[in-house]
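In case you want the letters, here they are:
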Amino acid sequence: CKNDCFLFWKENELLQKCTVCNESRWVDENTKGKKVAHKVLRYFPVTPRLQRLYCSRHTTKDMIWHSTGQSKDGTMIRPVDDTSWKKFDMKYPDFSREPRNVRLGLAADGFNPFGNMCNPHSTWPVILTTYNLPPWLCMKESSFMLTLLIPGPKAPGKDLDVFLRPLVDELKQLWSFGVRTKDAATYTFFNMKAMLLWKINDFPACSSLFGWSGQGYKACPTCNEDTPSYRVSNKVVYVGHYRFLDADHPWRKSLDYNGEHETRGPPRQFSEEEIQAQHTRLLFRPLGKVAAQRAGIKRDREDFELNWSKKSIFFELEYWSSLELKHNFDLMDIEKNVGESLLATS
């Protein structure tokens, strides 16, 4: 839909108008020639590309590297050494028992394809990478899989879930049922399953993907409602970082930071049940750029909704709520944005 509130897909493939805002899907619905759509979402299925990784005996060996390349001395060197990976293995032993099952990471952000800031346009590629591979291959450009190409000209924002629907449905199939795949190394067939381990993005993209706003008094998606923040002049500042130090660290008694001793412990970790309870309190808001305005629904959040702007579509994945590490932040991008703000450059 031109207003980002509906996807003409599957059972809705033949519809001519959006069921939410009643807008036509065509630029000119009365044309006698071939009709042109307002927007086209390009989706490249993941399953056949994962199967092809097992079609060669060379890449097949790389796809089980994560099961043999773990750190021997307990030092975290690779993603497989992370506690979130290990806790997932403990909770879902049937999945982790098969080393050929695939673990994916998702990265998404907007960019201007025209390279001209005078012509604002935001196109969002969604890219997957395979963490079964060793690090020197995992982050190689040839290992990246372009999965979605979300059209502009405006950024999807909170309506990003509409575009993610094909990918999430395929991930649900790969988790629940898997797909019969040939292993070229052993000349046998196995049932390959896949899961989304985490996502990688900057703070604005995290707001769109995760559903927790990166602005306001509770901007931290990890600290949640316990985010330490104050209002100074016309800005919100985030303080209290000494909370993360050891209890006996000398900096906790220093008055140089804000003139007070820091006696609080680090923010608590919110359980899966607590996050689900917060989601149940969210008000229903239709997706789309104009649907809410037409329905007369206020888009501002209520106090009991905290900083949640929506329940992300990723929570439809059975395992997503239980993941300890759901989002990784692109440090290089964040450092660039902070540096430009401090130096007043662009």
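Located above this text is the structure these notes cover.
Residues numbered from 1 in each chain as written. Predicted model: local features only at pLDDT ≥ 70, side-chain atom pairs only at ≥ 80, totals over all residues. Heavy atoms only, no water.

### Some points on the sheet that holds strand E1 (residues 42-43)
Spatial ordering of the open sheet is given by E1-E4-E3-E2-E7-E10, a layout of 6 strands whose pairing is mixed. What marks the edges here is a single partner per strand, and that holds for E1 and strand E10 (327-329). Note: strand E3 (residues 124-130) against strand E4 (residues 145-150), 5 bridges, orientation antiparallel. Bridge pairing in E4 links Leu128 to Met145. The strands touched by helix H6 (residues 160-176) within the sheet are E1, strand E2 (102-108), E3, E4 and strand E7 (194-201), with E4 carrying the most contacts at an inclination of about 150 degrees. Against the sheet, helix H7 (residues 203-210) touches E2, E3, E7 and E10, its axis set at about 140 degrees to E7. (Pairing = 2+ DSSP bridges. Helix = DSSP H or I, 4+ residues; strand = E, 2+ residues; numbered from the N terminus. Contact = heavy atoms within 4.5 Å. Axes fitted to C-alpha atoms, helices over the stretch in contact; angles between N-to-C directions.)

### Quick notes on unusual backbone geometry
In this chain, Gly152 is followed by Pro153 through a cis amide linkage whose omega measures 10 degrees. Unusually for a residue other than glycine, Leu306 sits at a positive phi of about 55 degrees. Relative to the helices and strands, Leu306 resides in the loop between helix H9 (291-295) and E10.

### Describing H6
In an α-helix, one turn spans 3.6 residues; hence positions three or four apart end up facing the same way. The end-to-end C-alpha distance of H6, which contains 17 residues, comes to 24 Å, matching closely the 24 Å that a straight helix rising 1.5 Å per residue would cover. The axis of H6 is deflected most strongly, by about 45 degrees, at Pro166. Taken across its 17 residues, H6 has 13 buried, putting it largely inside the fold. (Expected span 1.5 Å × (residues − 1). Bend = angle between axes of the 7 residues up to and from the residue. Buried < 20%, exposed > 50% of the residue type's maximum accessible area, 1.4 Å probe, protein only.)

### Considerations on the packing of aromatic side chains
Evaluated as defined, the whole model comprises 18 aromatic pairs. With centroids separated by 6.4 Å and ring planes inclined at 75 degrees, the aromatic side chains of Trp308 and Phe315 adopt a geometry described as edge-to-face. Taking relative accessible area as the criterion, Trp308 reaches 1% and is therefore assigned buried. The rings of Phe88, Tyr92, Phe95, Trp175 and Tyr319 are connected pair by pair, giving a single aromatic cluster. Geometry around Phe8 places Arg25 over its ring, the cationic atom sitting 4.4 Å from the centre. The ring of Phe189 has Arg180 lying over it, and the distance from NZ or CZ to the ring centre is 3.9 Å. (Phe/Tyr/Trp six-rings, centres within 6.5 Å; stacked < 30°, edge-to-face > 60°. Lys NZ or Arg CZ within 6 Å of the ring centre and 35° of its normal.)

### Focus on the pattern of salt bridges
Summed over all chains, the structure comprises 16 salt bridges. With a closest N to O distance of 2.8 Å, Asp183 and Arg100 form a salt bridge. Of this pair, Asp183 sits in strand E5 (residues 179-183) while Arg100 sits in the loop between helix H4 (93-96) and E2, and the two are 83 residues apart along the sequence. The residue Asp169 makes a salt bridge to Arg165 at a minimum N-O spacing of 3.0 Å. Highlighted residues: Asp169 and Arg165, both in helix H6, separated by 4 residues, approximately one helical turn. The exposure class of Arg165 is partly exposed, given its relative accessible area of 26%. One network of salt bridges, with partners in common, ties together Lys10, Arg165, Asp169, Lys172 and Glu316. (Salt bridge = Lys/Arg side-chain N within 4 Å of Asp/Glu carboxyl O.)

### Side note on the pairing of E3
Across the 7 residues that make up E3, a large majority, 6, are buried. Pairing between E2 and E3: 5 bridges, direction antiparallel. Paired with Ala108 across the bridge in E3 is Val126.

### Quick look at the side chain of Arg252
Among the structural elements, Arg252 can be located in the loop between strand E9 (235-238) and helix H8 (272-280). Lacking a salt bridge, the buried Arg252 has Glu262 as its closest oppositely charged neighbour, with an N-O distance of 4.8 Å. Here Arg252 is in contact with Tyr242, Arg243, Phe244, Leu245, Asp246, Ala247, His261, Glu262, Thr263, Arg264 and Gly265, once residues within four sequence places are set aside. (Lys, Arg positive; Asp, Glu negative; His and termini not counted.)

### Notes on the side chain of Asp161
The topology assignment puts Asp161 in helix H6. Its relative accessible area of 8% is what places Asp161 among the buried residues. In this view, Asp161 contacts Ser208, Lys310, Lys311, Ser312 and Ile313; residues no more than four positions away in its chain are not counted.

### Some points on the nonpolar core
Leu104, Leu164 and Leu196 are the most contacted members of the largest nonpolar core, which has 55 residues in total. Contributing elements (two or more residues each) for this core: helix H3 (83-91), E2, E3, E4, H6, strand E6 (188-192), E7 and H7. Other than its neighbours up to four places away in sequence, Leu164 contacts Val126, Leu148, Leu209, Ile313 and Phe314. Of all hydrophobic cores here, the second largest spans 6 residues; its members include Cys1, Cys5, Phe6 and Phe8. (Core = buried A, V, L, I, M, F, W, Y, C linked by side-chain atoms within 4.5 Å.)

### Focus on a nonpolar patch on the surface
A surface patch of nonpolar side chains, about 350 Å² in accessible area, is lined by Val338, Leu342 and Leu343. Along the polypeptide, Val338 turns up in helix H10 (residues 331-343). Accessibility expressed as a relative area gives 44% for Val338, which makes it partly exposed. (Patch = residues over 30% accessible without salt bridge, like charges linked within 9 Å, V, L, I, M, F, W, Y side chains within 5 Å. Areas by Shrake-Rupley, 256 points an atom, 1.4 Å probe, with all protein chains shown as cover.)

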